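Breakdown of the fold
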Protein chains: 2
Amino acid sequence: MRAFEDFTEGLEIALGPYEVTKQEVIEFAAEFDPQPFHLDEEAAKASMLGGLSASGWHTCAMMMRMMADAYVLDSTSQGGPGVDFVKWMRPVRPGDTLYGTACVLSARLSAKRPTIGLARISTTLRNGRGETVLESEHTLFLLTREAAA
Amino acid sequence: MRAFEDFTEGLEIALGPYEVTKQEVIEFAAEFDPQPFHLDEEAAKASMLGGLSASGWHTCAMMMRMMADAYVLDSTSQGGPGVDFVKWMRPVRPGDTLYGTACVLSARLSAKRPTIGLARISTTLRNGRGETVLESEHTLFLLTREAAA
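What this report covers is the structure whose coordinates are included nearby. (Residues numbered from 1 in each chain as written. Chains lettered and ligands numbered in written order. Predicted model: local features only at pLDDT ≥ 70, side-chain atom pairs only at ≥ 80, totals over all residues. Heavy atoms only, no water.)

1. Looking at the pattern of salt bridges
All names here are of chain A. As a reminder, the rule being used: Any carboxyl oxygen of Asp or Glu that lies within 4 Å of a side-chain nitrogen of Lys or Arg is treated as forming a salt bridge with it. Segments assigned H or I by DSSP are reported as helices when at least four residues long, segments assigned E as strands when at least two residues long, and all are numbered from the N terminus.
Under the defined criterion, the tally for this structure stands at 16 salt bridges over all chains. Taking the shortest distance from any N to any O, the salt bridge between E41 and K22 comes out at 3.3 Å. Of this pair, E41 sits in helix α3 (residues 41-45) while K22 sits in helix α1 (residues 22-32); the two residues are 19 residues apart in sequence, bridging distant segments of the chain. Ionic contacts of the salt-bridge type, sharing partners, join the residues D84, R120 and E137 into one network.

Given below as structure tokens:
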């Protein structure tokens with residue numbers, strides 16, 4: 001299991017694959033983001049997105065699942081304080097397979113809580129054609145190895 | 001229906017209420033963010049969050065639903081390019097009722113596409129005790145009234 005000390009600057013972790021299904025795109029949209037271009041093929045063709053596309057927030061949730069499976073669940077993660085930015089670069093379509101890379105930009109111990117470190121992580125997701133669909137940076141709280149022991 | 005021209009600087013729109021259920025918290029976490037403090041009461045009590053809490057990405061999805069119901073579905077929205085930041089200020093717990101405010105920070109026409117305007121929107125979510133649980137800023141694409149006619 002990775003602890004804070006393992007999240008060293010420059011560490012790169014591969015994410016994915018994540019298969020995007022039409023059913024999942026429509027179910028997420030129906031619950032959280034029922035804009036027509038996330039629900040209906042015809043409406044989507046007439047929109048800026050040019051075809052049925054996942055909600056950007058759904059793509060964020062897919063990213064979280066990819067991070068969870070690649071490194072978060074097998075770490076001392078304590079969650080995070082937020083997200084520095086998310087860029088939705090291209091539409092994510094049903095049938096896409098997503099891959100990604102998480103890269104540790106920097107890491108430091110908390111000034112207030114010596115048992116916790118903060119890792120700043122940059123994440124990029126690509127589709128099967130190698131096109132970048134999402135870029136994001138966020139901070140992850142992690143227990144130190146000693147605190148987790 | 002609101003078009004780009006209606007998103008004038010200073011416009012404030014009330015969001016919510018949104019009832020957060022334990023079932024929804026656990027279902028979202030199981031699908032997208034299966035960290036123990038989003039799934040299990042006992043594990044959550046032992047974590048930094050101090051009790052079962054929604055995934056931050058789930059709170060973002062709740063925010064999207066609140067925005068959809070308050071103004072996005074009844075607008076010329078064409079989605080958005082991303083998110084400037086999200087701050088998860090406090091845990092969101094099962095049983096919480098969320099309220100919020102969306103405020104237009106600025107609005108301008110696209111330089112490239114004269115049929116599209118960009119509205120920068122600040123969003124704050126609060127729980128039933130009036131505590132801020134989330135702050136975020138993002139940009140929304142909207143058709144102009146003429147383009148939507």
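Next comes the rest of the account.
2. A short note on the sheet that holds strand β2 (residues 82-88) of chain A
Where we set the bar: Being paired, for any two strands, means DSSP has found at least two bridges between them. Think of each axis as a best-fit line through the C-alpha atoms, taken over the contacting stretch in the case of a helix, with angles from 0 to 180 degrees between the N-to-C directions. Whether two residues are in contact is decided by their heavy atoms, any of which lying within 4.5 Å being enough.
The strand order β1(A)-β3(A)-β4(A)-β5(A)-β2(A)-β2(B)-β5(B)-β4(B)-β3(B)-β1(B) describes an open sheet built from 10 strands, whose pairing is antiparallel. Every other strand in the sheet has two partners, leaving β1 (12-19) of chain A together with β1 (12-19) of chain B as the edge strands with one partner each. In this sheet, adjacent strand axes meet at a mean angle of 20 degrees when their direction is disregarded. Most of the contacts of helix α4 (residues 56-72) of chain B go to β1 of chain B, to which it runs at about 125 degrees, and overall it touches β2 of chain A together with β1, β2 (82-88), β3 (97-109), β4 (116-126) and β5 (132-143) of chain B.

3. Looking at the relation of the copies chain A and chain B
Stated formally: Overlaid copies result from least-squares superposition on C-alpha atoms, with residues included only where pLDDT is at least 70 in both.
For the pair chain A and chain B, the superposition axis carries a translation of 0.0 Å, the fit reaches an RMSD of 0.0 Å, and the rotation angle comes to 180 degrees. Both copies are brought into coincidence by an operation consistent with a two-fold rotation axis. Residues of chain A ranked by C-alpha distance from the rotation axis are headed by F85 of chain A, positioned 2.4 Å from it.

4. Focus: the nonpolar core
To keep things clear, this is the line we draw: Put simply, a nonpolar core is a bunch of buried Ala, Val, Leu, Ile, Met, Phe, Trp, Tyr and Cys residues held in one set by side-chain atoms that sit within 4.5 Å of each other. Relative accessibility under 20% of the residue-type maximum defines a buried residue, over 50% an exposed one, and the middle range a partly exposed one, all with a 1.4 Å probe and only protein chains included.
Ranked by size, the top nonpolar core spans 70 residues in total, and within it W57, Y71 and L98 of chain A together with W57, Y71 and L98 of chain B carry the most contacts. Among residues more than four places away in sequence, those in contact with Y71 of chain B are R2, F7, I13, L15, A102, I121, H138 and L140 of chain B.

5. Some points on the interface of chain A and chain B
Operational definition: Note on terms: buried area is the combined drop in 1.4 Å-probe accessible area of two parts once they are placed together, counting the loss on both. Polar contacts, as counted here, are pairs of nitrogen or oxygen atoms within 3.5 Å of one another; within protein the pair requires one atom able to donate a hydrogen and one able to accept it, and residues that are adjacent in sequence qualify only if both atoms are side-chain atoms. Gly is placed with the polar residues, together with every amino acid not listed as nonpolar (Ala, Val, Leu, Ile, Met, Phe, Trp, Tyr, Cys and Pro) or charged (Asp, Glu, Lys and Arg).
Taken together, the contacts link 38 residues of chain A with 38 residues of chain B. Across the interface of chain A and chain B, roughly 3200 Å² is buried in total on both sides, 66% from carbon and sulfur atoms. When the buried area of chain A at its contact with chain B is split by residue, F32, M48 and W57 of chain A rank highest and sum to 25% of it. Counting across the interface, chain A meets chain B through zero salt bridges. The tally of links between chain A and chain B comes to 14 residue pairs in polar contact (both at pLDDT 80 or more). Only α1, α4 (56-72) and β2 of chain A provide two or more residues apiece to the side of chain A that touches chain B. Counting residues per element, the side of chain A that touches chain B draws most heavily on α4 of chain A, which supplies 10 residues. Of the residues assigned to the side of chain A that touches chain B, the class counts are 23 nonpolar, eight polar and seven charged.

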